[in-house]
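Listed below, chain by chain, are the residues.
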Amino acid sequence: MTAPRELLLAGVGTMGRPYLQAAARLGVRARALESAATWDNRPADLAERFYRVPGDHEESWAGAVEAAVAERRPDGLIGFAESQVVAAALAQQRHGLRGPSLHAAVVSRNKALQRALFGAHGVPQPGYLHVARLGEARDWMLRHLPVVVKPLNLSGSQGVELIRTPDEAEEAVARRDGEGRLLVETAVEGPEYSWEALVGGGEVLFENVTAKETTPPPYFVELVHRCGHDFAPDDSARVRAMTSDVLRVLGMDTGLVHLEFRMSADGPVLMEVAVRTPGDYLPDAIGLTYGFDLYEAMVLLSVGLPLPDLPRRPVSRAATVFLTAEPGTITRIDGADEVRAHPAVVRVRPRKGVGDTVQPLTSSGRRLGHVLVDAASPTEREDAVKFVRETLRVAVTP
Ligand SMILES: Nc1ncnc2c1ncn2[C@@H]1O[C@H](COP(=O)(O)OP(=O)(O)OP(=O)(O)O)[C@@H](O)[C@H]1O
Ligand SMILES: [Mg+2]
């Protein structure tokens, strides 16, 4: 009998737990690294050993991952979120483990580096200027309005801002000139999508398109994700051309890819790409949409076990719907039971309750929770999304 395979998971928190649960179902042994911040909540029963990572910066993760791999080389290593991607890629390269490639990991972590390399290869993307301080971009901004200002390596739309007028540009320069390096981009118009793919040895093994609904400008906070989106054949071909160019320029080897783009009048335009598990519970919505477990597939791929045939077409239509409210203090949450009882609602998960503060919705961390919906058809899904929005109401006093 051969020994069971072993997975090392770097970063668990809440959203990484399904990897450990998938490993348990598959009979794959698991060790995991957890940050000090979430150490007390680690799911101790889901891994044979947990390693405590003292800080949340990439260097801290890199040291801890290297130590865990040196203790015993696992068959697979998964870096869960942004702060673990490079740490995992360093160890993957050094110890010959499967992963996105160190090149893909490093490029994915820096939006200015993405623009520079994708620009060199002609991937469709916004015009951009990378500056040491926003004041240096003043003239460029005035010539290219509307523009988007963004930090190089934050997520959740933090610090991402649309600037429409010369006055807004002056105000942004005054407010953000001390922030250091920033990226300024031409604002691309068109609906937004993401593309999630499982890639093995550079080949796309599974792919999904998610249509996004966001708050209006200037902040673009994501409100609804609808998985299993179908483009018309022409657009579909253009999206495929862009995604395969992005994988090639990244030097993507093995793992999950989460790519964001807008569909402009001239075709798809890249927003950014990440080589990690997509956030916002997308793996759950993708799993329901295609009738398989994305976490299990990723674990099998990582530890080098054979994958089953992966689905190509949706068998259902899932969506995640995020809860929001005006700023203030929550006084009541109504309709949760009715929403839970709806046949298309899979779960209702508020993150805030009565007495909690609601802050202005400028980044996704400020949303109040989510509802996962799964319906037989796009029409039924729309009915369910509408029902959730009308029924689940968060009342606040300003
Ligand atoms: N050049 C652009 N043109 C139009 N919209 C843009 C542009 N850049 C960013 N946006 C909008 O702002 C959103 C957030 O930008 P971006 O993805 O770069 O930031 P982020 O912090 O990584 O956000 P997230 O983690 O939510 O993906 C995008 O999803 C998009 O809707
Ligand atoms: Mg993004």
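Refer to the structure presented above.
These numbers were taken from a predicted model, which means no experiment stands behind them. (Residues numbered from 1 in each chain as written. Chains lettered and ligands numbered in written order. Predicted model: local features only at pLDDT ≥ 70, side-chain atom pairs only at ≥ 80, totals over all residues. Heavy atoms only, no water.)

(A) Region of the structure containing the environment of Met252. Position of Met252 relative to the elements: it lies in the loop between helix 8 (233–250) and strand 12 (255–264). According to the relative accessible area criterion, Met252 is buried, its value standing at 6%. Sequence separation of Met252 and Val275 is 23 residues, and the distance between their C-alpha atoms is 8.3 Å. With near-sequence residues (within four places) excluded, Met252 lies in contact with Pro100, Ala104, Val199, Gly202, Leu247, Val257 and Val275. (Helix = DSSP H or I, 4+ residues; strand = E, 2+ residues; numbered from the N terminus. Buried < 20%, exposed > 50% of the residue type's maximum accessible area, 1.4 Å probe, protein only. Contact = heavy atoms within 4.5 Å.)

(B) Spatial organisation of the sheet that holds strand 7 (residues 161–163). Taking strand neighbours across the sheet as the criterion, the four strands line up as 5-8-6-7 in an open arrangement whose pairing is antiparallel. Each edge of the sheet is formed by a strand with only one pairing partner; in this case those strands are strand 5 (128–131) and strand 7. Neighbour to neighbour, the strand axes of the sheet diverge by 25° on average, direction disregarded. In the packing of helix 5 (residues 111–120) onto the sheet, contacts are made with strand 5, strand 6 (147–150) and strand 8 (182–186), and the angle to strand 8 comes to roughly 50°. The strands that helix 7 (residues 166–176) touches are strand 6, strand 7 and strand 8; relative to strand 7, the one it contacts most, it runs at about 140°. (Pairing = 2+ DSSP bridges. Axes fitted to C-alpha atoms, helices over the stretch in contact; angles between N-to-C directions.)

(C) Spotlight on the coordination of the magnesium ion (ligand 2). Looking at the magnesium ion (ligand 2), the protein donor atoms are Glu260 (OE) and Glu272 (OE), and they sit 1.8 to 2.0 Å from it. Here the residue Glu260 occupies a position in strand 12, and Glu272 occupies one in strand 13 (residues 267–274), the gap between them amounting to 12 residues. The class of Glu272 is partly exposed, set by a relative accessible area of 22%. (Donors = N, O, S within 2.8 Å, 3.2 Å for Na, K, Ca; no water.)

(D) A look at the pattern of salt bridges. Per the counting criterion, the structure on display carries 35 salt bridges. In this structure, Asp235 and Arg238 form a salt bridge, with 3.0 Å as the shortest nitrogen-oxygen distance. A residue pair is termed a helical-turn pair when its members lie 3 or 4 positions apart in one helix, as Asp235 and Arg238 do in helix 8 at three residues. In this structure Asp235 comes out as partly exposed when scored by relative accessible area, which is 22%. Given the relative accessible area of 36%, Arg238 is considered partly exposed. We note a salt bridge from Asp334 to Arg332, for which the minimum N-O separation is 2.8 Å. (Salt bridge = Lys/Arg side-chain N within 4 Å of Asp/Glu carboxyl O.)

(E) Spotlight on the site of ligand 1. The environment of ligand 1 is made up of 21 residues, and the closest members are Lys111, Gly156, Glu192, Arg262 and Glu272. Lys111 is positioned such that a nitrogen or oxygen atom in its side chain is 2.7 Å from an oxygen atom of ligand 1. One of the side-chain nitrogen or oxygen atoms of Lys150 is found 2.9 Å away from an oxygen atom of ligand 1. Contact with the protein chains covers 96% of the free accessible surface of ligand 1, which is 600 Å². If you list the elements that add at least two residues to the shell around ligand 1, you get strand 6, strand 8, strand 12 and strand 13. In terms of residue class, the shell around ligand 1 is made up of eight nonpolar, five polar and eight charged. Residue assignment places the shell around ligand 1 across two domains, with domain 2 (100–123 + 190–315) and domain 3 (127–186) each supplying three or more. (Near = heavy atom within 4 Å. Polar contact = N/O pair within 3.5 Å; in protein donor to acceptor, adjacent residues only side chain to side chain. Areas by Shrake-Rupley, 256 points an atom, 1.4 Å probe, with all protein chains shown as cover. Nonpolar A, V, L, I, M, F, W, Y, C, P; charged D, E, K, R; others polar. Domains from an automatic or database assignment.)

(F) Unusual backbone geometry, seen in detail. Residue Pro146 follows Leu145 across a cis peptide bond; omega there is -5°. For Pro146, the location among the structural elements is in the loop between helix 6 (138–144) and strand 6. For the bond running from Pro217 to Pro218, omega is 10°, close enough to zero to count as cis. The phi angle at Asp280 is positive, at roughly 55°, despite the residue not being glycine. On the basis of relative accessibility, which here comes to 14%, the residue Asp280 falls in the buried class.

Bear in mind that shape data such as this cannot, by itself, settle questions of function.
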